[in-house]
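Residue strings, one per chain:
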Amino acid sequence: MSEGLDGKIAIITGGARGIGEHIAAQFVSRGTTVVIADLDDTAAEETATRLGGRAHAMSVDVADSTTVRELVFHTVDHFGGMRIYINNAGCSSNRPTVEMTDSDWREALRVDLDGMFFGAREAGRHFRAAGGGVIVNLSSICGYRAVQPEKHLGYDVAKAGVAHMTRILAAEWAPFNIRVNAVAPGYTRQTP
């Protein structure tokens, strides 16, 4: 795994904590320069500082296509390119469906599906011009099966959409040397 990562530039959305932080740490340990893109700019800065000189923080709202476009542009402009885009940022609320508000539903789709689309689209635009790249979308086991007792319908539906979007993009962009994959984690342990 480490052979192909040394010297590469990667963006990791939602990289300030959780799965994104662990991905960033693994990439940095293998010689990759990472941009930790997170809505929580303080946490992103703290994580980048903790990971050292190959990690850089940038504030971004993945559900805002303009900031995602700026993220990709800034990264490419500052580092001279980008080879990997990890589409990790997301949100979830645990509430029975009958108690969900319209805004709960919209927020889940806005962050967990729109945010993935905006990231993939902007990375795809850059990778087509650059001759290729890698996009990894974080789906979830919840996008493939009903998981109980948790109740987060919006998150689950969005993650199912991410899984299918990944299949479509992988087929559409393969001729451009752009590899698009999804990983679907199950439960993970929270670390302090």
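Placed above this text is the structure.
Just so you know, these numbers come straight off a predicted model, no measurement behind them.

**Student:** Account for unusual backbone geometry, naming residues and giving values.
**Tutor:** A negative phi holds for most residues other than glycine; trans holds for most peptide bonds. Positive phi is not limited to glycine here, since Asn177 has a value of about 65°. Tracing the backbone through its elements, the reader meets Asn177 in the loop between helix H5 (153–173) and strand S6 (178–183). Under the relative-accessibility criterion, Asn177 is labelled partly exposed at 47%.

**Student:** Break down the sheet that holds strand S2 (residues 33–38) for me, citing the residues and quoting the values.
**Tutor:** Strand order in this open sheet of six strands is S3-S2-S1-S4-S5-S6, and the pairing throughout is parallel. A single partner strand is all that each edge strand has here, and the edge strands are strand S3 (55–59) and S6. Averaged over all pairs of adjacent strands, the angle between their axes in this sheet comes to 15°, without regard to strand direction. Here strand S4 (residues 84–87) runs beside strand S5 (residues 133–138); their pairing, made up of four bridges, is parallel. Across the sheet, the residue bridging to Ile84 is Val134, located in S5. In the packing of helix H3 (residues 65–79) onto the sheet, contacts are made with strand S1 (9–13), S2, S3 and S4, and the angle to S1 comes to roughly 155°.

**Student:** Summarise the environment of Leu71; cite the residues concerned and give the values.
**Tutor:** Its location among the elements puts Leu71 in helix H3. On the basis of relative accessibility, which here comes to 0%, the residue Leu71 falls in the buried class. Taking the C-alpha atoms as reference points, Leu71 and Asp61, 10 residues apart in sequence, are found 9.7 Å from one another.

What counts and how
One numbering rule holds for all chains: residues counted from 1, following each sequence as written. In view of the model being predicted, local features appear only for residues whose pLDDT reaches at least 70, and side-chain atom pairs are presented and counted only at 80 or more, with totals across whole chains, interfaces and linings using the full set of residues. Only heavy atoms go into the side-chain values, all of them from the structure, while hydrogens and water stay out. Each helix corresponds to a stretch of at least 4 residues labelled H or I by DSSP, and each strand to a stretch of at least 2 residues labelled E; elements are numbered beginning at the N terminus. Three exposure classes are used, based on accessible area relative to the maximum for each residue type with a 1.4 Å probe and protein chains only: buried under 20%, partly exposed in between, and exposed over 50%. Strands are treated as partners if at least two bridges between them are detected by DSSP. Axes here mean lines fitted to C-alpha atoms, for a helix over just the part in contact, with angles spanning 0 to 180 degrees between N-to-C directions. In this analysis, two residues are considered to be in contact whenever any of their non-hydrogen atoms come within 4.5 Å of each other.

Any link to function would need more than the numbers given here.
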